[in-house]
Amino acid sequence: MKHSPDLKDHRLSVPLLKQLWRLLQSVQLAVTLLITLALATLMGVLLPQEGLVELAQIKQQFGAHYLWIRALGAFNVFSAPWFIALQVLFFINLIFGSVVWLRPAVRSVMVPIFCSARHIALTSGQRPVLKSAQSLDSTVEKTIALLKQNGFRVRQNPKNEQELYASKGDLGRLGPVVAHIGIAMLLTGSLLAALTGFKAQHLLSPGESVMLPQAERVLKNAPDAIWLAQVPNLKVAVERFEVVFHKALSPMQAPVAKQYYCQLAVFNQNKLLKRQQISVNHPMVLAAPFDDITIYQASFAPTGKIRLKINGNEQTVLADQQFGERSVAEIPIQTASNQPLMLVVFPFYIQQDPGVTAHHIRAFLHTGKGFLGQKAGKMPDNINLRQGESGKLGPVSLEFIEPVFASGLMIKKAPELPWMFIAFALISLGVAMSLQPQRRLWLAIEMNPSQPGTMLYWLGKTRKAQITFNETLDSFQSQWLERLAGQVA
């Protein structure tokens, strides 16, 4: 009989499906995927990642090799499609394989296995048969009591009450189950982060705000084709920003930034969602339903804006003009004689300009014909003011109130965090549980055919701490003989 092509295809597909099923369950695949993920994670830790390091710095560091390394996804490892695919495959392998790998462990805890005296006698090896002059019921009762006294959980065969199964340390066998659940949750959280998480970066000066989708850099954790979420339409506003510096050890040494403080307000559809002061290591976690979004204080930078008091009038000016290689602020000055004057202010910032130990400005006055006091071989008249200082330059009284800095914000959606905390707790718990060895005893009691009394057949097994378990068995044997007044066969 000839089979139709459809039937042949069906028959051929069955072995292929079985092979695929075995592959997805195999320990070899699990080990291979785990090693590959570990190496990929190591690559992501060692190489600079886009979103955490500026793109220009990465290009400068790797030069001509940048393009082909980037093509491999090495600068965006944890968002690369191949890394996500490895996680998905490992998750499937873990779920399918757990059915095979963990079933014996669960059965050993949940399902008692009873053995007959004959079976125990054939497999117990050198383990002696214990004899007692007690009755059958008395021997069973006292043996159960002795096992419980030694910390064993005892179950009787409902079909034959003279067959006993005793165990302790059952939680140790469930340790791998708990650890596997933790690993599955870890992978679930990681996939959730990849498919719905994002990072955004933005510089904001006090009084400025930005709608989150319009931030300077919005980086999704996965390519648009597989990303499943959207950037929420939240408005982030900086109300106040302050940089606190350590005290310099010497007048010639520039102080180092100690902490950045930023007063933030976040709005959802013009309704205040949360207001909080943040600083480095003290971020803002938004309220529900955006409680998986965190705003970090990441950096600061000068904005070019300077708050000055000129002739008693406070104003904020912007250093947006170029003088040589420096940005300067040019402020027209009104005088009673209508003489055209231009105040030219050079700002200098610590941690931004080499050798600068304090924020200060140097101001010059331009008369339209040249700088005030300008002579050949001599610097024009000028005034150098630190923050909070004031002075006079020609007809202009000047006070340097403060430079205006922008807060560098990192806004991150991390839906995986609760999953990760629970996963690591379960993995740790599973490992701790696995350290406890499971110890099992199979016992069968029957009447002694040659003389009045009973005989106890018993067999013990453990996967760990065999020497300690043998000591436990020897102790049990001594106690049994002592209580039931038996003798070694």
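Everything that follows concerns the structure shown earlier in this document.
Computed from a prediction, not measured in an experiment: that's the story for all the values here. (Residues numbered from 1 in each chain as written. Predicted model: local features only at pLDDT ≥ 70, side-chain atom pairs only at ≥ 80, totals over all residues. Heavy atoms only, no water.)

In this section: the sheet that holds strand β9 (residues 271–279). With antiparallel pairing, 4 strands are arranged side by side in an open sheet as β5-β7-β8-β9. Looking at the sheet topology across the chains shown, the edges are occupied by β5 (209–211) and β9. Sheet twist, expressed as the mean angle between neighbouring strand axes with direction ignored, is 20°. Strand direction decides the pairing type here: strand β8 (residues 257–268) and β9, joined by 8 bridges, are antiparallel. The residue of β9 that forms the bridge with Q263 is Q277. (Pairing = 2+ DSSP bridges. Helix = DSSP H or I, 4+ residues; strand = E, 2+ residues; numbered from the N terminus. Axes fitted to C-alpha atoms, helices over the stretch in contact; angles between N-to-C directions.)

On to a nonpolar patch on the surface. A surface patch of nonpolar side chains, about 770 Å² in accessible area, is lined by V27, V31, I35, L39, L42, V45, L46 and F78. Along the chain, the position of F78 falls in the loop between α4 (66–71) and α5 (81–101). (Patch = residues over 30% accessible without salt bridge, like charges linked within 9 Å, V, L, I, M, F, W, Y side chains within 5 Å. Areas by Shrake-Rupley, 256 points an atom, 1.4 Å probe, with all protein chains shown as cover. Salt bridge = Lys/Arg side-chain N within 4 Å of Asp/Glu carboxyl O.)

Turning our eyes to something else, we now look at the layout of surface pockets. Sizing a probe to match a water molecule and rolling it over the atoms shows the empty space that remains. When its volume is computed, the largest pocket comes out at roughly 1,000 Å³. In terms of lining, the largest pocket is formed by 34 residues, of which the most central are F78, S79, F83, Q87 and S190. Broken down by secondary-structure element, the contributors of at least two residues to the lining of the largest pocket are α2 (27–46), α5, α9 (170–196), β6 (217–220), β19 (396–413) and α10 (417–434). By residue number, the principal contributor to the lining of the largest pocket is α9, which donates 6 residues. Of the residues that constitute the lining of the largest pocket, the class distribution is 20 nonpolar, 8 polar and 6 charged. Space inside the second largest pocket adds up to approximately 310 Å³. If you go around the second largest pocket, you meet 15 residues; those closest to its centre are V243, Q387, E402, P403 and F405. Where the lining of the second largest pocket is concerned, the elements lending two or more residues are β7 (234–245) and β19. Split by residue class, the lining of the second largest pocket holds 9 nonpolar, 3 polar and 3 charged. (1 Å grid on protein atoms, 1.4 Å probe; cavity = no way out; pocket = protein on both sides within 12 Å on 5 of 7 lines; lining within 4 Å. Points joined across faces, edges and corners; volume = space filled by probe spheres on them. Nonpolar A, V, L, I, M, F, W, Y, C, P; charged D, E, K, R; others polar.)

With that settled, the discussion passes to the sheet that holds strand β15 (residues 341–348). Taking strand neighbours across the sheet as the criterion, the 5 strands line up as β13-β14-β15-β16-β17 in an open arrangement whose pairing is antiparallel. With one partner strand each, in any of the chains shown, β13 (321–323) and β17 (382–386) form the two edges of the open sheet. Neighbour-to-neighbour, the strand axes of this sheet turn through a mean angle of 35°, independent of strand direction. When strand β14 (residues 326–333) meets β15, the two strands line up antiparallel, connected through 5 bridges. Within β15, the position partnered with P332 by the bridge is M342.

In total, this model carries 1 cavity of 30 Å³ or more according to the counting rule given. Approximately 40 Å³ is the volume found for the largest cavity. Residues belonging to the lining of the largest cavity are distributed by class as follows: no nonpolar, 2 polar and 4 charged.

Moving on, we come to the packing of α5 against α9. Relative orientation of the contacting elements α5 and α9 amounts to 155°, with a least axis distance of 10 Å. Of the possible angle classes, the one that applies to α5 and α9 is roughly antiparallel. Our pair here, α5 against α9, has a crossing hand that is left-handed. Mapping the contact onto sequence places I84, Q87, V88, F90, F91, L94, I95, S98 and W101 in α5 and H180, I183, A184, L187, T188, S190, L191 and A194 in α9. Looking at the contact of α5 with α9 residue by residue, the class counts come to 12 nonpolar, 5 polar and no charged. (Parallel < 35°, antiparallel > 145°, perpendicular 65-115°, else oblique. Left-handed = near helix turned anticlockwise from the far one by under 90°. Contact = heavy atoms within 4.5 Å.)

What follows covers the pairing of β19. Along a regular strand, successive side chains alternate from one face of the sheet to the other. With 14 of 18 residues buried, β19 is to be regarded as a mostly interior element. Of the pairings in the sheet, the one linking strand β4 (residues 198–204) to β19 comprises 7 bridges and is antiparallel in character. By the bridge assignment, F198 is partnered in β19 with K413. Across 15 bridges, strand β11 (residues 293–310) lies against β19 in antiparallel orientation. In the strand pairing of β19, Y296 is matched with M410. Here strand β18 (residues 390–393) runs beside β19; their pairing, made up of 4 bridges, is antiparallel. Within the sheet, the bridge partner assigned to L393 lies in β19 and is V396. A loop of 2 residues connects β18 with β19, the two strands running antiparallel in sequence, and G394 in this loop sits at a positive phi of about 60°. (Buried < 20%, exposed > 50% of the residue type's maximum accessible area, 1.4 Å probe, protein only.)

Next up on the list: the nonpolar core. Counting 53 residues, the largest nonpolar core has L264, I295, L308, I331, L343, V345 and L398 as its most contacted members. Residues within four places of I295 in sequence aside, it is in contact with V236, L264, V266, I278, P283, M284, L286, L409, M410 and I411. Judged by nonpolar contacts, the second largest core, of 20 residues, contains L441, F469, F476 and L481. (Core = buried A, V, L, I, M, F, W, Y, C linked by side-chain atoms within 4.5 Å.)

On to the side chain of H202, then. On the secondary structure map, H202 appears in strand β4. Within the structure, the side chain of H202 is placed 2.9 Å from the backbone nitrogen of E216, a separation counted as a polar contact. Residue contacts for H202: discarding those within four places in its chain leaves V210, Q214, A215, E216, S407, G408 and L409. (Polar contact = N/O pair within 3.5 Å; in protein donor to acceptor, adjacent residues only side chain to side chain.)

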